[in-house]
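Residue strings, one per chain:
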Amino acid sequence: MLVKLFATGTGQAKSAIDYLLGDKDHTGKTRAVKPEILEGNPKITANLIDSCTREHKYNSGAIAFRDGEKPTSEQIEKVMASFEATFFAGLKKDKNFNILWIRHEDKGNTELHFLTPMTEISKKTRLNIHPPGKKNLELFNSWVAVTNQQLGFAQVVPDPLKRALSAFEAKIPKGQKKAGKLESIHKILEQRIRNGSIQNRDQLCSFLESKNVTITRKGKDYISICAEGTKPVRLKGSIYSENSNYQQILTESSKAKSPKFLNKDEFLAVHS
């Protein structure tokens, strides 16, 4: 199980709710399974979002269970309650905060989508469960780790060989089309790193340039490229970072494929 937080929240509620409850997914394909409202009232949530005069009006995201993870109804209720108790600590639902929970199962797995106005109801002040910064990300990561352990699910272990997707590439159709092209490039590089023909970022850049790909910029954790007169695009991920140790990345990538569960000390460390 993992949590995905979406880079949205500045528009009116209608588009978000239409997507969450609609018969079609973000690609326009008809959903095999219709969305189900688990908790909340879409009209109340929409009214709270649309009455907000600030630029950023709501938070949204999804708790996504991976293939093979089949949570029971009781487990789903506990996960939602735990999420609210953690990220709305000390606040009461409907008095201080509002949240809409909708289940999606059209992709073959269970996703618990949430939509919550960025408003403390009683005081009409700003309430943001996902402010920028390292501390907030650590809180989400710790909650995911604790929840997976309690459910008996393996921990989320990122594969450092994977390319980092932007929110635009992950959710927006135009971005997904762009992501597909970049992924084909990434797969070629990944294969050559695995067979040892590319052993560092300099060799990676040289290989791209040998294929008529122009390196327009090298950042600390990315490279920007353009090919055949296209606009520059950014590639992010461990293999594109400055001074990356490719042998270590391969070792960690291999470990990421094996299920990991927390031992007692690790559990106490993230639970504290």
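A. Spatial organisation of the pattern of salt bridges. What the rule picks out here adds up to 13 salt bridges. Between D18 and K14 there is a salt bridge whose closest N-O contact spans 2.5 Å. A residue pair is termed a helical-turn pair when its members lie 3 or 4 positions apart in one helix, as D18 and K14 do in helix α1 (residues 13-21) at 4 residues. Of the residues examined, K14 reaches a relative accessible area of 59% and is grouped as exposed. A salt bridge links E39 to K93; the shortest N-O distance between them is 2.6 Å. Of this pair, E39 sits in strand β2 (residues 36-39) while K93 sits in the loop between α3 (73-87) and β4 (100-104), and the two are 54 residues apart along the sequence. Judged by its relative accessible area of 28%, E39 falls in the partly exposed class. A relative accessible area of 32% places K93 in the partly exposed class.

B. Representation of the sheet that holds β4. Read across the open sheet, the 5 strands follow the order β1-β3-β5-β4-β2; overall the sheet is antiparallel. Two strands close off the open sheet at either side, each with one partner strand: β1 (2-5) and β2. Adjacent strand axes in the sheet meet at a mean angle of 25° when their direction is disregarded. Two elements, β1 and strand β3 (residues 58-64), share 4 bridges in a ladder whose sense is antiparallel. Bridged to V3 within β3 is I63.

Thresholds applied
- Residues numbered from 1 in each chain as written.
- Predicted model: local features only at pLDDT ≥ 70, side-chain atom pairs only at ≥ 80, totals over all residues.
- Heavy atoms only, no water.
- Salt bridge = Lys/Arg side-chain N within 4 Å of Asp/Glu carboxyl O.
- Helix = DSSP H or I, 4+ residues; strand = E, 2+ residues; numbered from the N terminus.
- Buried < 20%, exposed > 50% of the residue type's maximum accessible area, 1.4 Å probe, protein only.
- Pairing = 2+ DSSP bridges.
- Axes fitted to C-alpha atoms, helices over the stretch in contact; angles between N-to-C directions.

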